[in-house]
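Observations on the model geometry
Chain residues, written in single-letter form:
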Amino acid sequence: GEGRALPGGADGPAGPSQRIRSQNIVPCTVSQLLAAEQVDETFRIRDVEISQVTVMGIIRHAEKAPTNILYKVDDMTAAPMDVRQWVDTDEAGSENVVVPPGTYVKVAGHLRSFQNKKSLVAFKIMPLENMNEFTTHMLEIVNTHMILRKNLMSASRVPQSFSSTGIGDVGGYGGGGGLPVNGLTAHQSQVLNLIKNCPVPEGMSLQELKVQLHNMSMSTIKQAVEFLSSEGHIYSTVDDDHYKSTDAE
Amino acid sequence: IHPTGKLFVLSDGEGKHATVELSEPLEEEISGVVEVVGRVTNQATIMCMSYVQFREDKSPFDLEIYNEALKIIHEFPEYFPFS
């Protein structure tokens, strides 16, 4: 099924080295994947373990073989990457349709390395219908890698509680908000960061959040605010529309 | 787009203009948001190697926010490397 984006987190009590399990699906650039170091069966990008990834780029080449389709996907951060999609030979229909070169796609798959050459085995390739997702993807890459790395570095951090709201936010790959990290989805993290960095005494208003987060609907923002508030990350100030962070400087 | 079809001007997310030169004249009408891959020349124009028109049939592309995102990724080369 599609329930692969599970919360990654510390594997239990104590332990000076908090490994982020590679159960997350991590948005990456091709350049990051190429630079990832492999130790035995695991890949690491700057010490962060990765396995399932998403990349977004344009198809430069597509080659159909009996059992698989080989694409070359280019996100302009490095040379186009080989992406292989296995074809179910018994099933006629959408699995066998080749996405034409010149199309921007979102690829979700596993990173592989064979004879020192990296490639992806895709479990989902989706043409982008809204190019604004590309912008979101770029920002999610920076945000996710930063958060994952920060989690690794702060060894004394107490594992946060994982709320089912965080997992409920993960719905397919179109939404783009579904990476629960440290109990917070990407949407919630973005909202929290904006609220944290707001210098105004009465805090950040919902309207201001909507202005800053163009591609997030008001209801998503409200859900994120409710969750963050119930977890104690933020509190309301002058009214229910204004919030400040509980650990603002 | 210049009448010869070998040159067009793009406006970015901040309203700044860039001139794009092509080695062959355009063979199609282009409009809307275009992504150009090319080299910067001494005259500060872009020598186009390839271009693609963005799909805007379902949703318009927010160029201003894309511009902001670009600035952010350039601020964090450790998390968004260009090899």
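Look up a bit, the structure's there.
A brief look at the structure comes next. (Residues numbered from 1 in each chain as written. Chains lettered and ligands numbered in written order. Predicted model: local features only at pLDDT ≥ 70, side-chain atom pairs only at ≥ 80, totals over all residues. Heavy atoms only, no water.)

This paragraph deals with the overall build of chain A. The helix and strand inventory of chain A stands at six helices and 12 strands. Summing over all exposed atoms, chain A offers an accessible surface of approximately 12,000 Å²; the carbon and sulfur share of this is 51%. (Helix = DSSP H or I, 4+ residues; strand = E, 2+ residues; numbered from the N terminus. Areas by Shrake-Rupley, 256 points an atom, 1.4 Å probe, with all protein chains shown as cover.)

Reports often express the size of an interface as the amount of accessible area lost when the parts come together. In this assembly, 24 residues from chain B lie in contact with 26 residues from chain A. Interface of chain B and chain A: buried area, both sides summed, is about 2,300 Å²; carbon and sulfur atoms make up 66% of it. When the buried area of chain B at its contact with chain A is split by residue, Arg55(B), Tyr79(B) and Phe80(B) rank highest and sum to 27% of it. Our count for the chain B to chain A interface comes out at one salt bridge. Ionic pairing is found between Lys58(B) and Glu129(A), a salt bridge with its closest N-O pair at 2.7 Å. The interface formed by chain B and chain A includes seven residue pairs in polar contact (both at pLDDT 80 or more). Listing elements by their share of the side of chain B that touches chain A, those giving two or more residues are strand E3 (34–40), strand E4 (46–53) and helix H1 (63–75) of chain B. (Contact = heavy atoms within 4.5 Å. Buried area = accessible area lost by both parts, 1.4 Å probe. Salt bridge = Lys/Arg side-chain N within 4 Å of Asp/Glu carboxyl O. Polar contact = N/O pair within 3.5 Å; in protein donor to acceptor, adjacent residues only side chain to side chain.)

Glancing now at the sheet that holds strand E4 (residues 48–50) of chain A. Residues and elements named next belong to chain A. With antiparallel pairing, the three strands of this open sheet are ordered in space as E2-E3-E4. What marks the edges here is a single partner per strand, and that holds for strand E2 (37–39) and E4. For this sheet the average axis-to-axis angle between neighbouring strands, irrespective of direction, equals 40 degrees. (Pairing = 2+ DSSP bridges. Axes fitted to C-alpha atoms, helices over the stretch in contact; angles between N-to-C directions.)

Here we come to the side chain of Gln32(A). With respect to the element layout, Gln32(A) can be found in helix H1 (residues 30–35). Here the side chain of Gln32(A) touches Thr29(A) through a polar contact of 2.9 Å, landing on its backbone nitrogen. Excluding anything up to four places from it in sequence, Gln32(A) contacts Pro27(A), Ile45(A), Ile141(A), His145(A), Tyr79(B), Phe80(B) and Pro81(B).

Bringing the pattern of salt bridges into the picture now. All names here are of chain B. Tallying each qualifying case throughout the model produces nine salt bridges over all chains. A salt bridge links Lys71 to Glu68; the nearest nitrogen and oxygen atoms lie 3.5 Å apart. Pair noted here: Lys71 and Glu68 are both in helix H1, with a separation of three residues, about one helical turn. Owing to a relative accessible area of 43%, Glu68 belongs among the partly exposed residues under this scheme. Where salt bridges share partners, they join Glu14, Lys16, Glu68 and Lys71 into one cluster. (Buried < 20%, exposed > 50% of the residue type's maximum accessible area, 1.4 Å probe, protein only.)

Moving on: the sheet that holds strand E11 (residues 234–236) of chain A. Strand pairs in the sheet, formed through backbone hydrogen bonds, run parallel or antiparallel to each other. All names here are of chain A. Pairing is antiparallel across the open sheet formed by three strands, whose spatial order is E10-E12-E11. The open sheet is flanked by strand E10 (204–205) and E11, the only strands paired with a single partner. Relative to strand E12 (residues 242–245), E11 runs antiparallel, the two being bridged by three bridges. Its bridge partner lying in E12, Ser236 is registered against Tyr243.

What follows covers the nonpolar core. Residues and elements named next belong to chain A. If you look at the biggest cluster of nonpolar residues, it comprises 28 residues, and the most contacted ones within it are Leu33, Ile50, Tyr71, Val83, Val107, Leu120 and Ile125. Excluding anything up to four places from it in sequence, Val83 contacts Ile69, Leu70, Tyr71, Val73, Val107, Leu120, Ala122 and Ile125. Met56, Ile58, Ile141 and Val142 belong to the second largest nonpolar core, which has 18 residues in total. (Core = buried A, V, L, I, M, F, W, Y, C linked by side-chain atoms within 4.5 Å.)

All right, on to the environment of His17(B) then. Residues and elements named next belong to chain B. Assignment of secondary structure puts His17 in strand E2 (residues 17–21). Of the residues examined, His17 reaches a relative accessible area of 64% and is grouped as exposed. Linking His17 and Thr45, residues 28 residues apart in sequence, is a C-alpha distance of 9.9 Å. When neighbours within four sequence positions are excluded, His17 is seen to be in contact with Val9, Leu10 and Ser11.

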